[in-house]
Amino acid sequence: MAMLRTRRTKIGNWYEDSCLEEDVLKEYLGKKERGELAAQKVDLLKEHILKPVSLSVSTDGGVHFGDTVMLVNMGGPSRECSAVSINASVSSLTREPFLGISAPCEVSAGRDMQPRTRTAFTITSVDGSSDSLRLHYEQSFALKTLCGFTRGLFLTSDICSFQKCSKKSRLQDVNLETEGSFLSWWRVVHFDPQERLEHEGLPVPVNAKVLIVHCKTNQALAVLGDHILWTMYGREYELAAHTSLDSHKAEEEKNHWWMCTSDPGQEGLVILNHNHERPAPSDDPHPAPSQEVNSGPELDGTQQ
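On a predicted model such as this, the values are computed, not experimentally measured, just so you know. Numbering of residues begins from 1 in every chain and follows the order in which that chain's sequence is written. Reporting of local features is limited, given that this is a predicted model, to residues whose pLDDT is at least 70; pairs of side-chain atoms are given and counted only at 80 or more, and all residues count toward the totals for whole chains, interfaces and linings. Think of the side-chain values as coming from all heavy atoms in the structure, minus any hydrogens and water.

A separate point is a negative patch on the surface. Patch members must show over 30% relative accessible area and no salt bridge, and they are joined within 9 Å when carrying like charges or within 5 Å when they are nonpolar side chains of Val, Leu, Ile, Met, Phe, Trp or Tyr. Values of accessible area rely on a 1.4 Å probe in the Shrake-Rupley scheme; residue burial ignores everything except the protein chains shown. In the sections that follow, a salt bridge refers to a side-chain nitrogen of Lys or Arg positioned within 4 Å of a carboxyl oxygen of Asp or Glu. Counted charges follow a simple rule, with Lys and Arg positive, Asp and Glu negative, and His plus the chain ends left uncounted. To locate a charge, take atom NZ for lysine, CZ for arginine, CG for aspartate or CD for glutamate. Residues Glu 16, Asp 17, Glu 21, Glu 22 and Asp 23 make up a contiguous surface patch of negative charge. With respect to the element layout, Asp 17 can be found in helix H1 (residues 14-34). The partly exposed category is assigned to Asp 17, whose relative accessible area is 42%. Secondary structure counts use DSSP, requiring at least four H or I residues in a row for a helix and at least two E residues in a row for a strand, with both numbered from the N terminus. Exposure is judged per residue with a 1.4 Å probe applied to protein chains only, and the accessible area is read against the type maximum: over 50% gives exposed, under 20% gives buried, and values in between give partly exposed.

Structure, rendered in structure tokens:
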């Protein structure tokens, strides 16, 4: 009967390989204990940045300094309804001096219509106006993220160059910066060019269609439905500062924004709740005419 022979002698740099395996295991356990694994960072980031927040409630129908709003674009033929969102990645996560995201940070147009930390912005004054004062058309202001995890970063843009532009469209880039400057100044403009001069200096209504124009470059904030970004939050649209005009020299739908607040009587955003309440259009191009009620005397089938 043949004997089965096996080699039990260790060959090569077996001791070094064993030490390396032990070091790799120790490093993995150390990162897991400190929460530095990639999966742990993703869970930590989503836990804080997707946390629900409460938007401001307007009692007089206007936008005020200090209000927390969402910037919503109602979509178009090639894109869905979207909102300006913080496109923070794991690389932007930092723990110094406290847990939060670091600047510069990217932004995008996300399809999540729930008020969360990544979709809420604060209307901030740049001319010394105190909070609770109403914002007016053509008045400069800044858009600031919430304090805490998002660290109050300013929505900023600058002139497009070869080194600094959007990834997909190569247009004027929009991102978040720590320091507020003239590059982070914006102004609200009426969406209709024929009524723009008449509304200059009037209070900005809440939940109404407006344009958000960059003060330095005079480019309007736009969501680009033709340029898709695949982020850790899903499929989103690229955001840029670029004014798109139609044949009538009016801004297109990609430049139209709503400063949305909370609905005090219902859950969610005011603009979305009102859209849901509208009756759906009929698919029949020739609807049947409504039947009129005959108020005359009823006939029993016999002529009198």
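Read on for the rest.
The next subject is the layout of surface pockets. Of the volumes computed, that of the largest pocket is approximately 210 Å³. Of the two site types, the cavity is a set of points on a 1 Å grid over the protein atoms alone where a 1.4 Å probe fits but cannot get out, and the pocket is an open set with protein on both sides within 12 Å along at least five of seven lines, each lined by residues with an atom within 4 Å of a point. Taken together, 13 residues make up the lining of the largest pocket; nearest its centre are Glu 106, Val 107, Lys 167, Leu 229 and Glu 238. Those elements that provide at least two residues to the lining of the largest pocket are strand E5 (105-110), strand E12 (221-231) and strand E13 (234-241). Residue contributions to the lining of the largest pocket peak at three residues, all from E12. Throughout, the ten residues Ala, Val, Leu, Ile, Met, Phe, Trp, Tyr, Cys and Pro are labelled nonpolar, Asp, Glu, Lys and Arg are labelled charged, and all others, Gly among them, are labelled polar. Class assignment of the residues belonging to the lining of the largest pocket gives a composition of six nonpolar, three polar and four charged. Grid points are joined across faces, edges and corners, and a volume is the space filled by probe spheres set on the points.

Another point: helix H2 (residues 38-49). A helix is expected to span 1.5 Å for every residue after the first. With 12 residues, H2 extends 16 Å between its outermost C-alpha atoms, agreeing within 8% with the 16 Å of an ideal straight helix rising 1.5 Å per residue. When we look at burial in H2, the residues that qualify are Leu 44, Leu 45 and Ile 49. One face of H2 carries all of its buried residues, which in axial projection span an arc of 110°. Facing away from the buried side of H2 by over 90 degrees, the exposed positions are Ala 39, Asp 43 and Glu 47. We call two residues in contact when some of their heavy atoms are within 4.5 Å. Tucked inside the fold, the buried residues of H2 contact strand E2 (82-87), strand E3 (93-94) and strand E4 (100-101). As used here, the arc is the angular range of directions from the helix axis to the C-beta atoms.

Moving on, we get to the packing of aromatic side chains. Centres within 6.5 Å make a pair out of two Phe, Tyr or Trp rings, where for Trp the six-membered ring is used; the pair is then stacked when the planes are under 30 degrees apart, edge-to-face when over 60, and tilted otherwise. All told, the structure shown has two aromatic pairs when counted by the stated rule. Geometrically, the ring pair formed by Trp 14 and Tyr 15 is edge-to-face, given 5.9 Å between the ring centres and 85° between the ring planes. For Tyr 15, a relative accessible area of 55% gives the class exposed. Between Phe 182 and Trp 185 the ring centres are 5.3 Å apart and the planes differ by 70°, which places this aromatic pair in the edge-to-face class. The class for Trp 185 is partly exposed, based on a relative accessible area of 27%. A positively charged side chain is recorded as over a ring if its NZ (Lys) or CZ (Arg) lies within 6 Å of the ring centre. The angle to the ring normal must also be within 35 degrees. Between the NZ or CZ atom of Lys 209 and the centre of the ring of Phe 191, over which it lies, the distance is 4.7 Å.

What follows deals with a nonpolar patch on the surface. Taken together, the side chains of Leu 25, Tyr 28 and Leu 29 present a nonpolar region at the surface, about 300 Å² in accessible area. Tracing the sequence through the fold places Leu 25 in helix H1.

Moving on, we come to unusual backbone geometry. Omega for the peptide link from Glu 96 to Pro 97 comes to -5°, which places this bond in the cis form. Inspection of the secondary structure puts Pro 97 in the loop between E3 and E4. With an omega of 0°, the peptide bond running from Ala 103 to Pro 104 counts as cis. Assignment of secondary structure puts Pro 104 in the loop between E4 and E5. Phi is positive for Asn 207, close to 55°, though the residue is something other than glycine. Looking at the secondary structure, you find Asn 207 in the loop between helix H3 (196-199) and strand E11 (209-214).

Between its first and last C-alpha atoms H1 spans 31 Å; for 21 residues at 1.5 Å apiece the expected length is 30 Å, and the two agree. Backbone geometry just downstream of H1 places Gly 35 in the positive-phi region, at approximately 75°.

This next bit is on the environment of His 227. With respect to the helices, strands and loops of the structure, His 227 is situated in strand E12. For the pair His 227 and Lys 168, spaced 59 residues apart in sequence, the C-alpha to C-alpha distance is 6.2 Å. With near-sequence residues (within four places) excluded, His 227 lies in contact with Lys 168, Ser 169, Glu 236, Tyr 237 and Glu 238.

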